[in-house]
Amino acid sequence: MTAAPGQPAPAGADERLLRTSPLRKLLGRPELGSVVGALAVFLFFAIIADSFLRATSFGTVLYAASTIGIMAAPVALLMIGGEFDLSAGVMVTSSALVSSMFSYQMTANVWVGVFVSLLVTLAFGAFNGFMLTRTKLPSFIITLGTFLMLTGLNLGFTKLISSTVSTKTIGNMEGFDSARKLFASYWTVGGVELKVTILWWAVLVAIATWILLRTRFGNWIYAVGGGADAARAVGVPVIRTKIGLYLGVAFAAWVSGQHLLFSYDVVQSGEGVGNELIYIIAAVIGGCLITGGYGSAIGSAIGACIFGMTSKGIVYAEWNPDWFKFFLGAMLLLATLLNAWVRKRAEATK
């Protein structure tokens, strides 16, 4: 005999067989707090900024959210696995620089540079994962070192090869137009301009969600984030899981880097510094815990939407954009407190 929803289980009853009420399931979702926050931000800017609700503004907000969301999804998975990547922001720039400079210097088809960039960027991710698992140092230290090395390499190689801090134009090279269609095109729907990054973002979030909820690797991610030693004791391949998570971040950095390159044709070597914090903030606002073992890819998408609405809502409200970082920090604190409260309520109803 099973207990009614909301009532304590009879003595000796198997909790796995008990029914879970819809409310209890809702309170247990890690992205619940971010949904509440997103609705609050939307209503706030809808009231104070008339242009915020225009159709054209919708496309702009989605684009801003997608450029963060592409990276926030794999970063969320990495945080659920209990690790960080402080090199993610500059890795995006590194990916774009490798594509541009290899194509230009080798006078090759642009697609050759794109695939070389993919291999190089995945090597960066594999390096982070390998160093983490071999040295046992905190991911904060490992990826901070990678961040500094890539920042120096980006600037040093660009000046060495181009004699400036930006790459040479490759817009007239073979393959540029077809690559732009894949990474930087757009289409118009009902008067709204939608960038292809929105599609990339949706696909990556869907894949990340499927991995977390429907695959053995997803179970490994949660187990590793909850406790690596305990996960290893029950047969979880901890090393393989963590390296795989860093490879996922590197792949997303490659996608973002190609979008950066094919949107503007040239790349500034100093770009990307500081963006790694925005990716982490989006994941935390979306419900991921700093300590690991809890969160979702959907939550990271909602966190990216909050970022997009805030960054563009301030502009539409005609406020000084210098206030953006203040609002971002305030949202981070409020979202973290709200997520903690939601989690406590969920645990209290069990």
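Quick caveat: nothing in here was measured; it's all calculated off a predicted structure.

Participant: Help me understand unusual backbone geometry, please; the structure alone is not making it clear to me.
Facilitator: Glycine aside, a negative phi is what most residues show, and trans is what most peptide bonds show. In this structure, Thr-107 is a non-glycine residue whose phi angle is positive, near 50°. Backbone geometry places Asp-265, a non-glycine residue, at a positive phi of 75°. Note on placement: Asp-265 falls in the loop between helix H11 (238-264) and helix H12 (275-285). Given the relative accessible area of 15%, Asp-265 is considered buried.

Participant: Would you explain the confidence of the model for the protein in this entry?
Facilitator: Interpretation of the predicted coordinates at a detailed level should be avoided for regions scoring low in pLDDT. In the predicted model, the protein carries a mean pLDDT of 88, and 89% of its residues have values of at least 70. Highest mean pLDDT in the protein belongs to H11 (97); lowest belongs to helix H1 (residues 22-27) (62). In the model, residues 1-9 has pLDDT below 50 throughout and makes eleven contacts with residues more than four positions away in sequence or in other chains. The low-confidence segment residues 11-18 (pLDDT under 50) makes four contacts with residues lying over four places distant or belonging to another chain.

Participant: Quick question: what am I supposed to make of the nonpolar core here?
Facilitator: Across soluble globular proteins, nonpolar side chains have a tendency to be buried as a group. Judged by nonpolar contacts, the single largest core of 89 residues is most densely connected at Phe-52, Met-71, Met-79, Val-110, Trp-201 and Phe-262. Ranked by the residues each element gives to this core, the list is headed by helix H3 (residues 55-80), at 14 residues. Sequence-distant contacts of Phe-262, that is, excluding residues within four places in its chain, are made with Val-110, Val-114, Phe-176, Ala-179, Arg-180, Phe-183 and Ala-184. Counting residues in each nonpolar core, the second largest holds five residues, with Trp-220, Val-224, Ala-231 and Val-236 among its members.

Participant: What is the right way to read empty space enclosed by the protein from this model?
Facilitator: One way to see where empty space is left: roll a probe the size of a water molecule over the atoms. A full pass over the atoms with the stated rule returns one cavity of 30 Å³ or more. As a volume, the largest cavity reaches approximately 50 Å³. Contributing to the lining of the largest cavity are Arg-29, Thr-209, Leu-212, Leu-213, Tyr-222, Gly-295, Ser-296, Ala-297 and Ile-298. Only helix H8 (196-214) and helix H13 (297-316) provide two or more residues apiece to the lining of the largest cavity. In terms of residue count, the dominant contributor to the lining of the largest cavity is H8 (three residues). When grouped by side-chain class, the residues that make up the lining of the largest cavity number five nonpolar, three polar and one charged.

Rules used throughout
- Residues numbered from 1 in each chain as written.
- Predicted model: local features only at pLDDT ≥ 70, side-chain atom pairs only at ≥ 80, totals over all residues.
- Heavy atoms only, no water.
- Helix = DSSP H or I, 4+ residues; strand = E, 2+ residues; numbered from the N terminus.
- Buried < 20%, exposed > 50% of the residue type's maximum accessible area, 1.4 Å probe, protein only.
- pLDDT = per-residue confidence, 0-100.
- Contact = heavy atoms within 4.5 Å.
- Core = buried A, V, L, I, M, F, W, Y, C linked by side-chain atoms within 4.5 Å.
- 1 Å grid on protein atoms, 1.4 Å probe; cavity = no way out; pocket = protein on both sides within 12 Å on 5 of 7 lines; lining within 4 Å.
- Points joined across faces, edges and corners; volume = space filled by probe spheres on them.
- Nonpolar A, V, L, I, M, F, W, Y, C, P; charged D, E, K, R; others polar.

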